[in-house]
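Here are the chains, one letter per residue:
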Amino acid sequence: MQNVKGTYDFFGKEQALRKQVQSILQEVFELYDFEGMESTILNELDLLTSKYAGGDEILKEMYRLTDQGSRSLGLRYDLTIPFAKVIALNPGIELPYKRYEIGKVFRDGPVKRGRLREFLQCDVDIVGIEGPEAEAELMQVAVEVFKRLNIPITLRWNNRQFLGDLLEKLGVAPETKPTVMLTLDKIAKIGADGVVQELIGKGLAPQAIRSMTELIEWNNPSMEQILERYDVRDSAGYREIRALQELISRLGLEPTCSFDPFLSRGLSFYTGTVYEIFDASGSFTSSLGGGGRYDAIIGRLIGREDLHYPTVGISFGMESIMAMLQSRPLETKAPLALVIPIGNTIPEALLAASELRTNGIRTGLDTSRRKLKKSLAAAASQGIRYVILVGEDEARDNRIRLKDMVEMTEAVLSVEEALLILQKQAL
């Protein structure tokens with residue numbers, strides 16, 4: 001018996017850490033006034049394979065199945081298309097609408113550190129805002145999330161429309177731009193030489209190859225350098241970049257958010273800004289998150305290209321975040337109190353624990369019946385401050401014995417008296 005490759009069970013300290021990370025994400029999302037959502041895991045295959053959805057590369061990794069009614073279905077490979085479906089099916093949703101979702105997605109792709117086949121994604125999306133303030137707010141969300149996780153990041157960003165305009169200036173035909181963008185996006189993985197060789201294999205015009213080679217070998221050019229060499233100031237993509245850059249500067253995000261002219265991301269549905277998040281130290285190479293603007297999907301999904309739903313989103317990769325945190329895990333929160341029944345006092349111990357929990361005290365219960373010395377040692381190793389002993393004498397007198405594992409003191413009290421001490425400590 002074994003798990004399917006690329007899938008894992010989580011329990012114990014690892015699961016506690018995962019839940020803590022999710023809590024941090026949810027707390028930040030709600031701080032920025034995003035509303036929670038749960039979309040369907042199972043979706044019609046036509047939706048997931050739509051030409052407006054994930055593109056050819058991601059469709060190769062999609063899990064497909066047929067139900068008992070011979071309907072063609074698929075497991076969601078991200079949270080974006082199911083979200084677009086929700087908006088398309090509910091035209092009465094008041095815009096702008098801000099949502100977050102934390103849920104599992106499935107991809108039959110290569111397995112490596114931080115990349116699984118069944119994994120958790122954490123998305124935030126804004127629909128109904130045209131301007132760059134939506135992208136800027138999502139950048140702020142990302143910076144706040146990783147600040148709380150104590151992970152220094154670099155958020156690389158670009159604009160696909162601008163990149164497309166630039167490629168046209170370099171002689172790339174419009175119908176070839178999407179596949180060229182995919183190749184340029186690999187520059188960090190296969191290097192400049194690998195990108196040039198892949199571009200040559202696409203049958204591009206010799207002049208386009210020469211122009212693009214010059215650009216690629218120009219190590220990490222800035223926006224100002226690109227503008228000096230290429231006449232792209234009149235493009236709509238440049239105007240979008242300039243507006244977002246001004247916001248980034250005003251918000252003090254420049255130390256974290258850096259322009260990357262080669263970034264395009266693999267999904268073809270992005271229409272403007274795209275961004276990707278990486279470990280600032282470079283020791284972890286997988287992406288920690290990414291997203292962008294996808295203004296055209298929702299209207300097209302319902303066959304109404306005349307309906308415009310400006311939308312932008314960002315996704316946080318839980319498995320990549322967890323892979324980074326394994327070397328320096330966050331502290332997991334231990335119960336404030338542990339109730340231990342001694343003798344035949346389990347009912348009284350359960351009542352005492354219930355009273356504490358009802359009043360907001362995180363309380364554990366040890367019914368292992370092991371020796372008291374071992375239970376106390378285990379409580380100390382877990383960092384539990386208070387142990388509540390319920391022996392037969394205490395049960396008869398409707399009392400408990402409160403033991404402070406730090407001060408090494410104990411007292412026989414009523415549950416109400418113990419509760420006052422614990423509530424004071426919990427503040």
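Just so you know, these numbers come straight off a predicted model, no measurement behind them.

Caption draft 1: Quick peek at the pattern of salt bridges. The full count for this structure, using the stated rule, is 24 salt bridges. Here Asp-123 makes a salt bridge to Arg-99, at a shortest N to O gap of 3.9 Å. Taken together, the residues span a long stretch of sequence, with Asp-123 in strand S6 (residues 118-127) and Arg-99 in strand S5 (residues 97-106) at a distance of 24 residues. Under the relative-accessibility criterion, Asp-123 is labelled buried at 2%. Under the relative-accessibility criterion, Arg-99 is labelled buried at 0%. Across the salt bridge formed by Arg-370 and Asp-366, the nearest N and O atoms sit 3.5 Å from each other.

Caption draft 2: Geometry of the pairing of strand S10 (residues 289-293). Of all the 5 residues making up S10, 5 are buried; the element is thus mostly covered by neighbouring parts of the structure. Residues Gly-289, Gly-291 and Arg-293 point to one face of S10 and Gly-290 and Gly-292 to the other, with burial holding for every one of them. As defined by bridge partners, strand S9 (residues 273-279) adjoins S10 across 4 bridges and the pair is classed as antiparallel. By the bridge assignment, Val-274 is partnered in S10 with Gly-292. Bridge analysis of S10 against strand S11 (residues 311-317) gives 5 bridges, and the strand direction is antiparallel. By the bridge assignment, Gly-292 is partnered in S11 with Gly-313.

Caption draft 3: Here's a closer look at the packing of helix H6 (residues 160-169) against helix H11 (residues 236-250). Direction vectors running N to C along H6 and H11 enclose 140°, while the axes themselves pass 7 Å from each other. Classified by the interaxial angle, the pair formed by H6 and H11 is oblique. Between H6 and H11 lies a crossing whose hand is left-handed. Together, Gln-161, Phe-162 and Asp-165 of H6 and Ala-236, Gly-237, Tyr-238, Glu-240 and Ile-241 of H11 make up the contact between the two elements.

Parameters at a glance
Residues numbered from 1 in each chain as written. Predicted model: local features only at pLDDT ≥ 70, side-chain atom pairs only at ≥ 80, totals over all residues. Heavy atoms only, no water. Salt bridge = Lys/Arg side-chain N within 4 Å of Asp/Glu carboxyl O. Helix = DSSP H or I, 4+ residues; strand = E, 2+ residues; numbered from the N terminus. Buried < 20%, exposed > 50% of the residue type's maximum accessible area, 1.4 Å probe, protein only. Pairing = 2+ DSSP bridges. Axes fitted to C-alpha atoms, helices over the stretch in contact; angles between N-to-C directions. Parallel < 35°, antiparallel > 145°, perpendicular 65-115°, else oblique. Left-handed = near helix turned anticlockwise from the far one by under 90°. Contact = heavy atoms within 4.5 Å.

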